[in-house]
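Summary of the model geometry
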Amino acid sequence: MLKTGAQYIESIKAMKPNIYKWGKLIEDVTTNPATAAHVKCVANAYDAAFDPELAPYFTTTSALSGQTAHRWNTLMATAEDVAGNAHMKRASYWINGSCTGTICAGWTVLNAHFGPSARCDAKYGTNYHQNLIDFMKECEDNAYGLAGCLTDAKGNRALNAAKQPDKNAYLHFEKVDGGIKLNGYKIQICGVAGCNYIVVMPTTGFGPDAKEFAVVAATPRDSEGITIVETRRPSDTRVEEEGWDGIKLGTTQAFIIFEDVFVPDKHVFLAGENEFAAQVLGNFTNIYRAAIGSCVGGQGDLMAGAAIAIARANGLTQKAFQDKLTNIVMVNNITIGLGIGAIMEGHDDGGAWIPDTALAHTNKVQVGTIPYEAKRLAVEIAGGIVETGCVPSYIDMTSPIYGEKLMKAMDAGSGAEDRIKLTRLMEWIHIGGGVPGCMHGGGSPDTARMLVKGATPWEKYVNYAKKAAGIPEDHLVEVKK
Ligand SMILES: Cc1cc2nc3c(=O)[nH]c(=O)nc-3n(C[C@H](O)[C@H](O)[C@H](O)COP(=O)(O)OP(=O)(O)OC[C@H]3O[C@@H](n4cnc5c(N)ncnc54)[C@H](O)[C@@H]3O)c2cc1C
């Protein structure tokens, strides 16, 4: 089923209020300034299904139903499907200027668990795989937006889940009649305000002493027992302002408190079979870290465009900055291309396509590193007006006392207003929304480095070198110390 943006907004409006910000309950997330911009961005992604140019990015043919569906409601069965995810994320930046959390992580969880859920059923006689397929069809039939929750509060990072003094540091379940109950904290979750369902999965692998933390399940965002608190970010009061200071873009992050949240069996996809926690996590990170290259690539496209536009607003031409602009685009191309390479080198896991581990995780380290260079270059092109608050507020710029003179001071040849608006956009892109999704979104670079290390055949490489140098294979063998 395809929904328009307006139909999607109606589905979110109909949900029970359980989201707070600034200490107050948000009665309607579709209109409250703290959350409305995100909901609007998600609505734009729904509307994209009906735009002939954008529809190939935002829709596809569902492998489960054979029908046209919003891309984020489908099984990614082939490399092409996962590449479609990457391209959609890039296009989301084109239409929204922002990450669009509700069409990202939850969808990835369902795909990541496709293979592991079937293996779990084969081993334990559970019914998780069919539950998962049924839920994926339910998502498609209702065109749900989904938030994905891996990240637990985690407490003391030096202790594992079972050793935490407060068990709620990791989401955990207990079996009850007809389903499970969830308790604990999931934090820093993207796009919750705009989702219909929350999908939870483990943030790490678990041993047999931690079975109660090995849970994959889906629950409506407004389920009894869920309290959501929107986080704050550097630009959040701006989003709530009138005029050009209030850039109306952006995803949102949230902390989620689960207190005895009942999930019926049909929406439980793993509950206690701890050895599958690491499998779903591995698949998740491979998909996510391959596709995130295109998120930051889309952000880079916007940055290059904004840098050219502000150069023009400053009275200059693209030509004056061409080397820097080409470098911005090459940064984008590295993360996009590496992600697509990871996808093409992937493998089938029981019907879902999983990108290559070493390449996907190398990409995660890149997206936590090189986009900062693109941002630096864009700020260098734009000038001091985008740096650490160098332009007066909308209220001052429109003051009846001195506004006219300030506007004259901001006019670099083509009028002040465009220049100010671009200033606010560039502030938002390079610092105002935080550092969107580059460093820790999708997991820390260090965990990615560990996976690259684990996926690399080091001894093979040593043998290639020995052969090339004419050294017998039994020489220079590593002695474990
Ligand atoms: C923009 C953004 C969007 C996000 N969206 C989502 C989302 O939609 N869903 C979701 O589930 N999560 C989301 N996250 C959370 C994200 O997945 C986590 O931030 C990430 O996994 C890192 O976890 P952490 O922040 O708890 O860092 P920490 O675990 O506190 O790590 C901090 C540093 O310590 C290192 N470290 C941690 N433990 C150890 C240890 N035992 N030994 C040595 N070093 C250690 C890490 O490698 C890292 O360098 C988002 C984050 C961001 C920034």
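Above this note sits the structure.
Small disclaimer: the values here were computed from a predicted structure and weren't measured.

Another point: the sheet that holds strand E1 (residues 19–21). Overall, mixed pairing links the six strands, which are arranged E2-E1-E10-E11-E7-E6 in an open sheet. On the outer flanks of this sheet lie strand E2 (24–25) and strand E6 (172–176), each paired with one strand and no other. Pairing geometry for strand E10 (residues 226–230) and strand E11 (residues 253–264), over five bridges, is antiparallel. Following the sheet pairing, Glu 230 is matched in E11 by Ala 254.

Looking now at the sheet that holds strand E9 (residues 215–220). As summarised here, the arrangement of the four strands in space is E5-E8-E9-E12, forming an open sheet in which the pairing is mixed. Taken across any chain shown, the strands that pair with only one partner, and hence form the sheet edges, are strand E5 (146–149) and strand E12 (268–271). Between one strand axis and the next, the sheet turns by 25° as a mean value, whatever way the strands run. Here E5 pairs with strand E8 (residues 197–200) via four bridges, running parallel. The residue bridging Gly 148 from the neighbouring strand is Val 199, located in E8.

In this section: unusual backbone geometry. Even without being glycine, Gln 188 reaches a positive phi, approximately 60°. Its place among the elements puts Gln 188 in strand E7 (residues 179–190). Judged by the 15 C-beta atoms lying within 10 Å of it, Gln 188 falls in the partly exposed class. The phi torsion at Leu 476 lies on the positive side, around 50°, for a residue other than glycine. For Leu 476, the position within the fold is in the segment after helix H17 (458–469). For Leu 476, a count of 13 C-beta atoms within 10 Å corresponds to the partly exposed category.

Now for the site of the ligand. With respect to spatial proximity, 22 residues lie near the ligand, and among them Thr 151, Cys 190, Gly 441, Ser 444 and Asp 446 are the closest. With three residues, the top contributor of residues to the shell around the ligand is E7. Classifying every residue of the shell around the ligand by side-chain character gives seven nonpolar, twelve polar and three charged. Residue-level mapping places the shell around the ligand at the junction of two domains, with at least three residues from each of domain 1 (5–271) and domain 2 (280–457).

Here is what the cut-offs are and how they apply
- Position numbers for residues start from 1 in each chain and track the written sequence from start to end.
- Per-residue local features are limited, in this predicted model, to residues with pLDDT of at least 70; the limit for side-chain atom pairs, both in listing and counting, is 80 or more; totals at the level of whole chains, interfaces and linings are taken over all residues.
- DSSP calls a pair of strands paired once it identifies at least 2 bridges connecting them.
- Elements are defined by DSSP. Helices are runs of H or I of four residues or more, strands are runs of E of two residues or more, and each kind is numbered from the N terminus.
- Only the contacting stretch of a helix is used when fitting its axis, a line to C-alpha atoms as for every element, and angles between N-to-C directions run 0 to 180 degrees.
- Partly exposed residues are those whose C-beta has more than 12 but fewer than 20 other C-beta atoms within 10 Å; 20 or more makes a residue buried and 12 or fewer makes it exposed, with C-beta atoms placed from the backbone.
- Nearness between a residue and a molecule or strand is assessed with a C-beta atom placed from the backbone; a distance within 6 Å qualifies.
- Three categories are distinguished: nonpolar for Ala, Val, Leu, Ile, Met, Phe, Trp, Tyr, Cys and Pro, charged for Asp, Glu, Lys and Arg, and polar for the others, with Gly belonging to the last.
- Those domain boundaries reflect an automatic or database domain assignment.

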